[in-house]
Amino acid sequence: MHFLTSNAPFIEPQNSIQKMMLWVLIALVPGIITMIWQFGLGVLSNIIICVSTAVITEAVMLNLRNRPVLPFLSDLSAVVTAVLLALALPTIAPWWIPCIGAFIAIVIAKHLYGGLGYNPFNPAMVAFAVLMVSFPKSMTVWMLPYSMLPADSSFTDLLPIILDQQPKQALIDAITAATPLDEMKTQLGLNQTIGEIRSSSIFGSLSGEGWQWVSIAYLVGGLLLVFKKIISWHIPVGLLSGLFTISFAFYLLEPSVTPSPLFHLLSGGAILGAFFIATDPVTAAATLKGRFIYGVLIGLLTYIIRTWGGYPEGIAFAVILINMAVPLIDHYTPPRVYGHH
């Protein structure tokens, strides 16, 4: 008689990498649709360029490293990285911006460290940070929400900008503006009060015009990931509570020159970062207590960079810097040994 034998573990894992990545992509759909609704088809253009470049680059790197191409491509990790990067980029970025960004994310931030599971830094945020430092002008000009565009404008007006064909300055001025975070930071530096700044048409009732709906859509997708147990609640709650706490404290001290906590939570990439970026299982803290601390530190550092740093958005830089602290966080937050009090 012959018996079939196999090695432990004998219980099939609940989540494979492919399944987790697929759920992340599904959860991003509400945010993607809302971004397209508010900021146009440039969002889709960024996604297509980023994903195409990332998949091709991933295949080339796997081939150069003598690794099987199809199994690694099918885990969708490169696609998720590309989509997250695309959503962080300006919706009218010239085509070479998402192309260079995706290349940096896959080659430098991922494969030069050994591939998936070995990279200490979030690849999408490394690429975003490099692009922000290298091309600040292209990375800080965003398309206005559709509700603020001239009545006769269309997607074809964006093509000269996306194709980098030096469009007329009048066209750029008519359909683009700084982000609400950038505008808020700039005007505060000019000694304007919050009331005076928020009188601008780019600000909505809660944050920037259009941005509040995008953030709410990402929140819906993020809660889906928590419900499906793809991610735990510790990092999102930690990040958002850290950002809320420090912004609320300074808001109480000087409300006339300090943006409200809701403005910080619903502007820029706070919600996207909390649920989809900081929760990267490879680069985040491993223990539950450590994940909460990790999230809180990112939230605090995001506010510090937004308020006193040289860039209007701090999520990418905060995530990368706290990625460096993950070994230390894990060292001081080990799980309790079973049976010990």
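Residues numbered from 1 in each chain as written. Predicted model: local features only at pLDDT ≥ 70, side-chain atom pairs only at ≥ 80, totals over all residues. Heavy atoms only, no water.

Student: It is not clear to me how the overall build of the protein chain should be interpreted in this structure. Could you clarify?
Tutor: A count of helices and strands for the protein chain gives 17 helices and two strands. Going through the 341 residues of the protein chain one by one, you find that 48% of them count as buried. Taking all contacts inside the protein chain whose residues are at least 6 apart in sequence as the whole, residues at least 24 apart take part in 77%. Taken as a whole, the protein chain presents about 16,900 Å² of accessible surface, with 68% of it coming from carbon and sulfur. (Helix = DSSP H or I, 4+ residues; strand = E, 2+ residues; numbered from the N terminus. Buried < 20%, exposed > 50% of the residue type's maximum accessible area, 1.4 Å probe, protein only. Contact = heavy atoms within 4.5 Å. Areas by Shrake-Rupley, 256 points an atom, 1.4 Å probe, with all protein chains shown as cover.)

Student: Teacher, can you tell me more about the packing of helix α13 (residues 234-253) against helix α16 (residues 288-308) here?
Tutor: To characterise two packed helices, one gives the angle between the axes of the helices and the distance between these axes. Relative orientation of the contacting elements α13 and α16 amounts to 40°, with a least axis distance of 7 Å. Between α13 and α16, the interaxial angle falls into the category oblique. For the element pair α13 and α16, the recorded crossing hand is right-handed. Its residues assigned to classes, the contact of α13 with α16 comprises 15 nonpolar, eight polar and two charged. (Axes fitted to C-alpha atoms, helices over the stretch in contact; angles between N-to-C directions. Parallel < 35°, antiparallel > 145°, perpendicular 65-115°, else oblique. Left-handed = near helix turned anticlockwise from the far one by under 90°. Nonpolar A, V, L, I, M, F, W, Y, C, P; charged D, E, K, R; others polar.)

Student: Teacher, can you tell me more about the confidence of the model for the protein chain here?
Tutor: Close inspection of predicted coordinates is inappropriate in any region flagged by low pLDDT. On average, residues of the protein chain carry a pLDDT of 86, and 85% of them reach 70 or more. In the model, residues 1-6 has pLDDT below 50 throughout and makes zero contacts with residues more than four positions away in sequence or in other chains. (pLDDT = per-residue confidence, 0-100.)

Student: Can you walk me through the environment of leucine 288 in this structure?
Tutor: If you trace the backbone, leucine 288 turns up in helix α16. Classification of leucine 288 by relative accessible area gives partly exposed; the value is 47%. Residues leucine 288 and histidine 234, 54 residues apart in the sequence, show an inter-C-alpha distance of 6.7 Å.

Student: What's the story with empty space enclosed by the protein in this structure? I'm lost.
Tutor: Gaps left between atoms show up when a probe the size of a water molecule is rolled over them. Tallying each qualifying case throughout the model produces two cavities of 30 Å³ or more. By volume, the largest cavity is sized at about 360 Å³. Lining the largest cavity are 24 residues, with Ala88, Trp142, Gly268, Gly269 and Glu313 sitting closest to its centre. Ranked by residues supplied to the lining of the largest cavity, first place goes to helix α12 (residues 211-227) with four residues. In terms of lining residues, the second largest cavity is bounded by 13 residues, among which Met143, Pro145, Ala178, Pro180 and Trp211 are the most central. (1 Å grid on protein atoms, 1.4 Å probe; cavity = no way out; pocket = protein on both sides within 12 Å on 5 of 7 lines; lining within 4 Å. Points joined across faces, edges and corners; volume = space filled by probe spheres on them.)

Student: What's the story with the nonpolar core in this structure? I'm lost.
Tutor: Across soluble globular proteins, nonpolar side chains have a tendency to be buried as a group. Ranked by size, the top nonpolar core spans 78 residues in total, and within it Leu28, Val83, Leu87, Phe128, Tyr218, Phe276 and Tyr294 carry the most contacts. Looking at which element gives the most residues to this core, the answer is helix α4 (residues 77-88), with 10 residues. In this structure tyrosine 218 touches Leu28, Gly31, Ile32, Met35, Leu87, Ile271, Leu272 and Phe276, once residues within four positions along its chain are discounted. Counting eight residues, the second largest nonpolar core, distinct from the first, contains Met184, Ile197, Ile202 and Phe203. (Core = buried A, V, L, I, M, F, W, Y, C linked by side-chain atoms within 4.5 Å.)

Student: How do you make sense of the pattern of salt bridges when you look at a structure like this?
Tutor: For the coordinates displayed, the defined rule picks out two salt bridges. Across the pair glutamate 58 and lysine 110 runs a salt bridge, and its minimum N-O distance is 3.0 Å. Here lysine 110 lies in the loop between α5 (96-108) and α6 (123-134) and glutamate 58 lies in helix α2 (residues 42-64), a separation of 52 residues in the sequence. By relative accessible area, glutamate 58 is classed as buried at 2%. The shortest N-O distance in the salt bridge between glutamate 313 and arginine 306 comes to 2.9 Å. Given a relative accessible area of 14%, glutamate 313 falls into the buried group. Among the residues examined, arginine 306 registers a relative accessible area of 4% and is labelled buried. (Salt bridge = Lys/Arg side-chain N within 4 Å of Asp/Glu carboxyl O.)

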